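Residues per chain, in single letters:
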Amino acid sequence: MSTYVKLSKRLHTIANFLSEGTFFIDVGSDHGYLPCYVCQKDPNAKAIASEVREGPFLRTKDTVHQYNLTDRIDVRLGDGLSVLTDQDNISEIVIAGMGGTLITEILQVGKDKLIHIDKIIAQPNNHAERVRKFFLENGFHLVDEVILEENDHIYEILVAKKNGSSSYREDETIEKQLYFGPILMKEKSIPFQKKWQFEKEKYEKILKQIEHKQGNEDKIRSFKQKLRWIEEVLT
């Protein structure tokens, strides 16, 4: 197959954060479109595409074969970063399209594989604050963030590097910045405002349902705190 891979806006944004001539792993590669696109665009790039289940693994192998990239993209079956060996000389990780809790667990379990990693590009579908917290506690500096809307979904993309300057500000609490993203809350783009307006309405509905029930005091305090934060960043 000689045609070029066409990526979604989300994956195209992720691809643009990868370094030139990169050797990276795409965890949960989803048919292998991202590594195929990167290797078509950059003749010096190489990739490992990993899948945890056999069905997606076989589909990814098929995609790589169709685009004649079997010599530069190695498709592996395994859980998270466990597919990496000591001989793999990768420097960047992409881990996208799954929940923030799962992304954090994958990175935590594979912490011994992060020693030689310079850059992690993560796209959590939710709980992005947990991914930011992992970066903060494990020597990775959050150097860039993007929030975008595509097909009625809003996505956050986080870029962290071992060598870089911190994006966190001293005039805001770290908890609030982890929750919203220090760069995103400063830029306050239209997708950012749309996302947090939706979250605000959701929290208001939940509070109405639980605020008069016994045993929900901790939840109520948490929701009210988040509502105050949302109102502050939306003004």
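Heads up: the structure comes first, above all this text.
Residues numbered from 1 in each chain as written. Predicted model: local features only at pLDDT ≥ 70, side-chain atom pairs only at ≥ 80, totals over all residues. Heavy atoms only, no water.

Peer 1: Account for the side chain of S29, naming residues and giving values.
Peer 2: With respect to the secondary-structure elements, S29 resides in the loop between β1 (23–27) and α2 (33–41). Judged by relative accessible area, S29 falls into the buried class, the value being 4%. One polar contact links S29 to D26, side chain to side chain, over a distance of 2.8 Å. (Helix = DSSP H or I, 4+ residues; strand = E, 2+ residues; numbered from the N terminus. Buried < 20%, exposed > 50% of the residue type's maximum accessible area, 1.4 Å probe, protein only. Polar contact = N/O pair within 3.5 Å; in protein donor to acceptor, adjacent residues only side chain to side chain.)

Peer 1: Residues and numbers for unusual backbone geometry, please.
Peer 2: Glycine aside, the phi torsion of most residues is negative, and most peptide linkages are trans. A positive phi angle is found at H31, which is not glycine, with a value near 75°. For H31, the location among the structural elements is in the loop between β1 and α2. Backbone geometry places H127, a non-glycine residue, at a positive phi of 50°. Residue H127 is classed as partly exposed on the basis of its relative accessible area, which comes to 34%.

Peer 1: Account for the sheet that holds strand β2 (residues 46–51), with residues named and values stated.
Peer 2: A sheet is described by the order of its strands in space; here seven strands give the open sequence β3-β2-β1-β4-β5-β7-β6, paired in mixed fashion. Only two strands of the sheet have a single neighbouring strand rather than two, namely β3 (73–77) and β6 (141–150). Averaged over all pairs of adjacent strands, the angle between their axes in this sheet comes to 15°, without regard to strand direction. Both β2 and β3 contribute to a ladder of five bridges, which runs parallel. Across the sheet, the residue bridging to E51 is L77, located in β3. The strands touched by α2 within the sheet are β1, β2, β3 and β4 (92–98), with β1 carrying the most contacts at an inclination of about 160°. Running at roughly 150° to β4, helix α4 (residues 100–109) makes contact with β1, β4 and β5 (119–124) of the sheet. (Pairing = 2+ DSSP bridges. Axes fitted to C-alpha atoms, helices over the stretch in contact; angles between N-to-C directions. Contact = heavy atoms within 4.5 Å.)

Peer 1: Before we move on, can you summarise the packing of aromatic side chains with the specific residues and values?
Peer 2: Under the criterion given, the structure shown has nine aromatic pairs. Each ring, one from F135 and one from F140, has its centre 6.4 Å from the other, and the planes form 50°; the classification is tilted. Here F135 falls in the buried class, since its relative accessible area comes to 1%. For F140, a relative accessible area of 4% puts it in the buried group. Each residue in the set Y179, F180, F192, W196 and W229 is aromatic and connected to the rest through ring pairs, giving one cluster. For R10, the ring lying beneath its charged end belongs to Y155, and the centroid distance is 5.5 Å. Just above the ring of F23 sits the side chain of K46; from NZ or CZ to the centre is 4.7 Å. (Phe/Tyr/Trp six-rings, centres within 6.5 Å; stacked < 30°, edge-to-face > 60°. Lys NZ or Arg CZ within 6 Å of the ring centre and 35° of its normal.)

Peer 1: Tell me about the layout of surface pockets, and name the residues and values.
Peer 2: Its volume calculated, the largest pocket comes out at about 650 Å³. If you trace the largest pocket, you find 22 residues lining it, with N125, N126, K195, E199 and K202 closest to the centre. Elements with a minimum of two residues in the lining of the largest pocket: α5 (128–137), β7 (153–161) and α8 (190–210). It is α8 that provides the largest number of residues to the lining of the largest pocket, a total of seven residues. Here the lining of the largest pocket is composed, by residue class, of eight nonpolar, four polar and 10 charged. Considered as a void within the structure, the second largest pocket measures approximately 460 Å³ in volume. If you go around the second largest pocket, you meet 26 residues; those closest to its centre are V27, G28, S29, E51 and M98. Among the secondary structure elements, those contributing two or more residues to the lining of the second largest pocket are α1 (9–16), β1, β2, α3 (54–66), β4 and α4. With four residues, β4 is the single largest residue contributor to the lining of the second largest pocket. (1 Å grid on protein atoms, 1.4 Å probe; cavity = no way out; pocket = protein on both sides within 12 Å on 5 of 7 lines; lining within 4 Å. Points joined across faces, edges and corners; volume = space filled by probe spheres on them. Nonpolar A, V, L, I, M, F, W, Y, C, P; charged D, E, K, R; others polar.)

Peer 1: Pulling in residues and values, what's your account of the pairing of β5?
Peer 2: Where burial is concerned, most of β5 is hidden: six out of the six residues are buried. Read from β4 through α4 to β5, the crossover connection turns out right-handed. In terms of strand pairing, β5 meets β7 through four bridges, oriented antiparallel. Opposite A122, over in β7, you have L158 as the bridge partner. (Right-handed = clockwise from strand over helix to strand, strands pointing away.)

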